[in-house]
Amino acid sequence: MAASEGCSVWDTPRVYKHHEQQKACHTRPKYREGRRPKAVKVYTINLESRFLLVQGVPAIGVMTELVQLFALYGVIEEYRVLDEYPAEQFTEVYLMKFQKLTSARAAKRNTDEKSFYGGILHVCYAPEYETVEDIRKKLQDRRSYMNRACIKSETESEKEPTRSKKPAESSAPALASTPWEDGNRAQTETSNPNTYSGFPLLPLPPEEEAPQQCLSSWGFKSHSLQTNAPTEDKMGSLHRFISASPELSKQTTNWPNSASADKEERDRSKISRNPPSTAPRFIPRTARLENRKRKMMDNTDFLGMLDKNAPFFGPKLPEQQKMDMEDNSLNTTASLIRQTMAKVSSIPTEMKTSSNTTTTTKPRRRI
Amino acid sequence: MFNRWCSTGMNRFCASDRLEYLQGLVTEFQDTDSEEAKEQILANLANFAYDPRSMEALRMLQVTELFLDMLTEENENFVEFGIGGLCNLSMDRECRDQILQSGGIPLVTGCLSSHRDETVLSAITTLMNLTTAASRSQTTDSAVVQSMLRFSLTQNPRLSNLATVFLQDYCTQDQVDKARELLQGHSQSAVGIPLPKD
């Protein structure tokens with residue numbers, strides 16, 4: 001069933017046996033039946049190739065379309081019509097040379113027996129076009145792939161019970177002891193010592209840190225304040241880290257501890273409507289200085305709690321006549337409006353620069 | 001990174017199913033009397049051996065022994081599928097050691113005399129895979145090197161190229177020179193020469 005007779009080692013057939021389409025097997029029991037009808041055939045690395053033979057292409061000048069179709073699956077290094085190859089009437093046979101074996105495999109899988117401009121393509125591997133060097137590389141690639149896959153599964157099976165271990169620890173014993181280890185490892189390692197170096201084991205994602213960092217920026221903030229050391233963000237980058245500024249620590253020191261700080265901070269922010277201007281994002285130093293200056297003014301002026309030590313910038317305007325609105329809330333609002341107007345008119349240049357650089361962190365007033 | 005852990009987790013889940021399925025295949029192979037069913041199952045198992053994920057299950061089920069048994073069968077399809085399976089399996093180190101421990105080299109060398117080029121090609125690649133520091137003397141036996149020399153001179157490009165790789169990468173220049181002398185001196189070994197068909 002698998003092979004027609006007459007294909008001997010010693011003769012040189014133009015049309016090789018593996019080019020022939022074998023009859024699909026329909027006598028398999030249900031549980032062995034695949035999704036597609038398939039012939040009884042064994043694929044080995046010898047049969048696979050980055051060369052594909054495409055038969056049954058209608059001879060109507062659709063080479064460009066054919067190449068476009070096959071290029072979907074990977075880089076095609078070369079292609080040509082095989083004029084010398086016996087073809088059915090009004091069809092052409094093409095040879096495609098892919099850059100990678102995996103591309104050729106995908107292309108064959110997806111185009112074989114598919115309709116193409118009114119013809120049914122028959123796509124098969126054409127390993128007879130490989131050079132000695134091609135074969136050598138193909139076998140080496142396959143071997144290293146198998147070794148990588150093998151190591152991966154070994155470390156997998158080892159890591160399962162010792163999930164909490166650090167990867168640096170678990171990688172070494174993973175190679176040394178496996179359930180079906182029978183002492184051959186030492187011999188194989190000495191015979192080919194560089195086999196295991198090709199697959200760098202990456203460390204596990206930091207599991208302990210994850211829950212805290214996955215919280216909102218509030219959680220992150222309290223965490224980073226607590227440690228005061230560079231902390232990775234969710235993507236494992238230090239890019240967004242800013243060390244806790246002295247001003248910030250001043251703000252937070254009077255809170256009991258950072259565990260309850262979250263809640264308290266949120267509550268306080270609700271009352272004061274002070275937006276979280278300390279969200280962890282990179283701010284240039286100059287912008288931060290300006291920001292700080294502005295914030296100090298904000299804090300001191302806010303709700304009329306004037307800090308006597310707060311520095312003033314620009315000429316001091318004559319005190320406006322205070323109007324009593326006969327309501328505490330209304331008075332607060334009025335004074336807020338007054339302060340804002342005063343600030344806008346007094347320091348226009350400074351505001352402009354700071355708003356240019358830190359638009360996102362600029363506190364929004366609710367008036 | 002995350003993807004890799006995820007995907008391997010999936011594979012591990014599949015592994016138990018796979019073992020069960022392969023177990024079923026092996027059982028049916030042993031129980032059935034139908035040549036056709038045997039061929040189908042053998043081809044099935046040999047193709048599973050191409051996938052590194054099934055290696056562990058195939059090792060546990062002693063499929064290497066099953067394939068080695070097939071090499072001495074009368075049915076040429078059995079031989080072709082068996083050596084194809086060994087060619088796929090022997091890429092894996094553990095399986096290679098299993099084949100070596102079972103004394104598979106002479107059986108594989110026997111396949112070099114097949115009429116079928118797929119069988120011969122699989123046998124050459126299997127011999128390459130089976131070559132270790134310890135087994136080198138056996139896999140590059142004088143008779144084998146001679147037959148590789150003959151293969152390298154055939155008109156079949158796949159066969160001659162693969163034999164050339166074997167000679168260049170697995171044999172020393174001394175071995176090749178010696179084999180060439182023996183070939184010219186007409187004291188050839190019969191390894192790799194198919195028997196005439198009746």
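Residues numbered from 1 in each chain as written. Chains lettered and ligands numbered in written order. Predicted model: local features only at pLDDT ≥ 70, side-chain atom pairs only at ≥ 80, totals over all residues. Heavy atoms only, no water.

### Considering the packing of helix H2 (residues 35–48) of chain B against helix H5 (residues 76–89) of chain B
Residues and elements named next belong to chain B.
Here comes step 1: Packing of H2 against H5 brings their axes to within 8 Å, and their N-to-C directions diverge by 15°. Between H2 and H5, the crossing angle belongs to the class labelled roughly parallel. As for the relative orientation of H2 and H5, their crossing is left-handed in sense. Side by side, H2 and H5 meet where Glu35, Lys38, Glu39, Leu42, Ala43 and Ala46 of the first sit next to Asn77, Phe78, Phe81, Gly82, Gly84, Gly85 and Asn88 of the second.
Here comes step 2: Partitioned by chemical class, the residues of the contact of H2 with H5 number five nonpolar, five polar and three charged. (Axes fitted to C-alpha atoms, helices over the stretch in contact; angles between N-to-C directions. Helix = DSSP H or I, 4+ residues; strand = E, 2+ residues; numbered from the N terminus. Parallel < 35°, antiparallel > 145°, perpendicular 65-115°, else oblique. Left-handed = near helix turned anticlockwise from the far one by under 90°. Contact = heavy atoms within 4.5 Å. Nonpolar A, V, L, I, M, F, W, Y, C, P; charged D, E, K, R; others polar.)

### Focus: the confidence of the model for chain A
Residues and elements named next belong to chain A.
Here comes step 1: Confidence along chain A averages 67 in pLDDT terms, with 47% of residues attaining 70 or more.
Here comes step 2: Taken together, the stretch residues 1–7 has pLDDT below 50 and engages in 24 contacts with residues farther than four places along the chain or on a different chain.
Here comes step 3: Here residues 243–256 is a poorly scored stretch, pLDDT under 50, and it has 14 contacts once near neighbours within four places are set aside; other chains count. (pLDDT = per-residue confidence, 0-100.)

### Focus: the pairing of strand S6 (residues 122–125) of chain A
When a strand is regular, its side chains alternate between the sheet's two faces.
Residue and element names in this part refer to chain A.
Here comes step 1: Neither face of S6 is exposed, since His122 and Cys124 on one face and Val123 and Tyr125 on the opposite face are all buried.
Here comes step 2: In the sheet, strand S1 (residues 51–58) pairs with S6 via four bridges, with the strands oriented antiparallel. Looking at the pairing, Val54 lines up with Val123 of S6. (Buried < 20%, exposed > 50% of the residue type's maximum accessible area, 1.4 Å probe, protein only. Pairing = 2+ DSSP bridges.)

### So, a positive patch on the surface
All names here are of chain A.
Here comes step 1: Together, Arg36, Lys38, Arg109 and Lys114 make up a positively charged patch on the protein surface.
Here comes step 2: Considering the arrangement of structural elements, one finds Lys114 in the loop between helix H2 (101–111) and strand S4 (115–116).
Here comes step 3: Accessibility expressed as a relative area gives 38% for Lys114, which makes it partly exposed. (Patch = residues over 30% accessible without salt bridge, like charges linked within 9 Å, V, L, I, M, F, W, Y side chains within 5 Å. Areas by Shrake-Rupley, 256 points an atom, 1.4 Å probe, with all protein chains shown as cover. Salt bridge = Lys/Arg side-chain N within 4 Å of Asp/Glu carboxyl O. Lys, Arg positive; Asp, Glu negative; His and termini not counted. Charge placed at Lys NZ, Arg CZ, Asp CG, Glu CD.)

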